[in-house]
Amino acid sequence: MLNLAIFVSGRGSNLISIFNAIKRKEINASVKAVVSNKINCPAIKFALKNQIKVFFVSEKEKKEFINFEQLKNQFLSDKIDLIVLAGFMKKIPAEFVEQFDNKIINIHPALLPSFGGEGMFGMNVHKAVFNKSCKVSGATVHFVNNKYDEGMIIFQKAVDISGLSSPEEIAKKVLRIEHKILPFVLKKFAEHKLREVNNRIIIE
Ligand code: GAR
């Protein structure tokens, strides 16, 4: 059984899609913790309602928040196997990423390496895609390294956006894909079906 920690910052629809896929027994995993930089967000409300342990993390000293060193120790004692950034809008400190090498994945709402990097999150991504008049967008699941959105790509799916007329419509269509590909990658991870070959991730 794969022990997951899911990082969120807002709505939490990817968290819910993972939770539901586990409930339907499509993934042999358990959500052991939900971590956020925001105390009052819908994703946290969902976690609390479903009796999932929640942690608030910050690089600054703040009431009710723990720091990344404390979070690391918590994850080691909870035997977390994989950390999933599912709409987490803060950069993870390099030391934390090093501690969990190849054990942190992120979902990005575009086809990396395009439309990634600092400032490229949420609606900013879809607006940039729209403003370039792109005909195709999509979603990417990738490993996290210490550079924004540059870790090795695990899986991507493209969507036709040629007929869409706003960034909001793009976001909606891409999100539907996100809800499919993130649980798919987690299933493959839990089944040990991801392999690195010649600098590429192969999914069996
Ligand atoms: C998702 O579209 C996710 O890909 C994006 O934030 C949204 C969170 O939605 N993540 C990023 O932009 C990270 N760079 P959700 O809270 O409903 O899952």
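Residues numbered from 1 in each chain as written. Predicted model: local features only at pLDDT ≥ 70, side-chain atom pairs only at ≥ 80, totals over all residues. Heavy atoms only, no water.

Once that is clear, we can look at the sheet that holds strand S7 (residues 153–160). Pairing is mixed in the open sheet, where seven strands are placed in the order S3-S2-S1-S4-S5-S6-S7. Of all the strands in the sheet, the pair left with one neighbour each is strand S3 (53–56) and S7. The average angle at which neighbouring strand axes cross in this sheet is 20°, direction not considered. Relative to strand S6 (residues 136–143), strand S5 (residues 104–108) runs antiparallel, the two sharing four bridges. Bridging from a neighbouring strand, Ile107 pairs with Val141 of S6. The strands touched by helix H1 (residues 13–23) within the sheet are strand S1 (2–8), strand S2 (29–36), strand S4 (82–85) and S5, with S1 carrying the most contacts at an inclination of about 160°. In the packing of helix H3 (residues 68–77) onto the sheet, contacts are made with S1, S2, S3 and S4, and the angle to S1 comes to roughly 155°. (Pairing = 2+ DSSP bridges. Helix = DSSP H or I, 4+ residues; strand = E, 2+ residues; numbered from the N terminus. Axes fitted to C-alpha atoms, helices over the stretch in contact; angles between N-to-C directions. Contact = heavy atoms within 4.5 Å.)

The next subject is the site of the ligand. Around the ligand, the structure places 15 residues, and the nearest of them are Arg11, Gly12, Ser13, Gly122 and Glu178. The contact in question runs from an oxygen atom of the ligand to an N or O atom on the backbone of Gly122, over 2.8 Å. Side-chain polar atom of Glu178 to an oxygen atom of the ligand: 2.7 Å apart, as the coordinates give it. Protein burial of the ligand: of its 450 Å² of free accessible surface, 94% is covered by the chains. (Near = heavy atom within 4 Å. Polar contact = N/O pair within 3.5 Å; in protein donor to acceptor, adjacent residues only side chain to side chain. Areas by Shrake-Rupley, 256 points an atom, 1.4 Å probe, with all protein chains shown as cover.)

Moving on: the environment of Phe88. The residue Phe88 is located in the loop between S4 and helix H4 (94–99) in this model. Remark: the alpha-carbon pair of Phe88 and Phe68, spanning 20 residues in sequence, is separated by 14 Å. Setting aside residues no more than four positions away along its own chain, Phe88 makes contact with Phe7, Val8, Ser9, Ser36, Asn37 and Val57.

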